[in-house]
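The chain contents come next:
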Amino acid sequence: MAGAASVLATVGAGSAGAVAVTPLPGGVRVDLSPADTRWVDQNNIGQMVAGVPHPSAPSFGQALDAAAAVSSTYPNGRVTFTVFGPLHELSGSMLALQ
C-alpha cells in the first residue's frame, strides 16, 4: 500500500490540489486535499488499488473509495491515511474528514 501512496502522490501532484506525504517512523502518512479527494472518488481510484497483487489491496481500495465518497459530499472533505510496516505485513488507518 506504500506503492498506492506513491501513486496517489504522483497523480495528485498534477491535479489542482496537493497531496501531502509525510514520512513517519516505519511508515508514511498521506493527506489528500479536498480536490484530490473528489478526484479519487470520481475516478474510483480505490478499485484500481484493489487490483494490486497484495493481500491488503482489496480492503485498502474499498476503504479508500468509501472514505473518498463520504468526504466528497462536504466542500472541505478530505481523506487521510497512514501505512506502516514491512511490505508483507502492512497495517494502517484511514479517516474520512469533513
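Before going into details, it helps to say that this report is about the structure given with it.

**Description of unusual backbone geometry**
Keep in mind that most residues, glycine aside, have a negative phi and that most peptide bonds are trans.
Here comes step 1: For N44, which is not glycine, the phi torsion reads 50 degrees and is therefore positive.
Here comes step 2: With respect to the element layout, N44 can be found in the loop between α2 (34–42) and α3 (45–50).

**Here's the deal with the nonpolar core**
Here comes step 1: Grouped together as the largest cluster of nonpolar side chains are 15 residues, with contacts concentrated most on L32, V40, L64, V79 and F81.
Here comes step 2: For this core, the elements supplying multiple residues, two or more each, are β2 (27–31), α3, α4 (57–71) and β3 (78–84).
Here comes step 3: With 4 residues, the single largest contributor to this core is α4.

**Some remarks on the pattern of salt bridges**
Side chains that carry opposite charge are capable of pairing whenever their charged atoms lie near each other.
Here comes step 1: In total, this model carries 2 salt bridges according to the counting rule given.
Here comes step 2: With a closest N to O distance of 2.9 Å, R29 and D31 form a salt bridge.
Here comes step 3: On the basis of relative accessible area, R29 is assigned to the partly exposed category, the value being 37%.
Here comes step 4: Note on D31: relative accessible area 12%, which makes it buried.
Here comes step 5: With its nearest N and O atoms 3.9 Å apart, the salt bridge here joins D31 to R78. Taken together, the positions of D31 in strand β2 and R78 in strand β3 put the pair 47 residues apart, joining distant regions of the chain.

Parameters at a glance
Residues numbered from 1 in each chain as written. Predicted model: local features only at pLDDT ≥ 70, side-chain atom pairs only at ≥ 80, totals over all residues. Heavy atoms only, no water. Helix = DSSP H or I, 4+ residues; strand = E, 2+ residues; numbered from the N terminus. Core = buried A, V, L, I, M, F, W, Y, C linked by side-chain atoms within 4.5 Å. Buried < 20%, exposed > 50% of the residue type's maximum accessible area, 1.4 Å probe, protein only. Salt bridge = Lys/Arg side-chain N within 4 Å of Asp/Glu carboxyl O.

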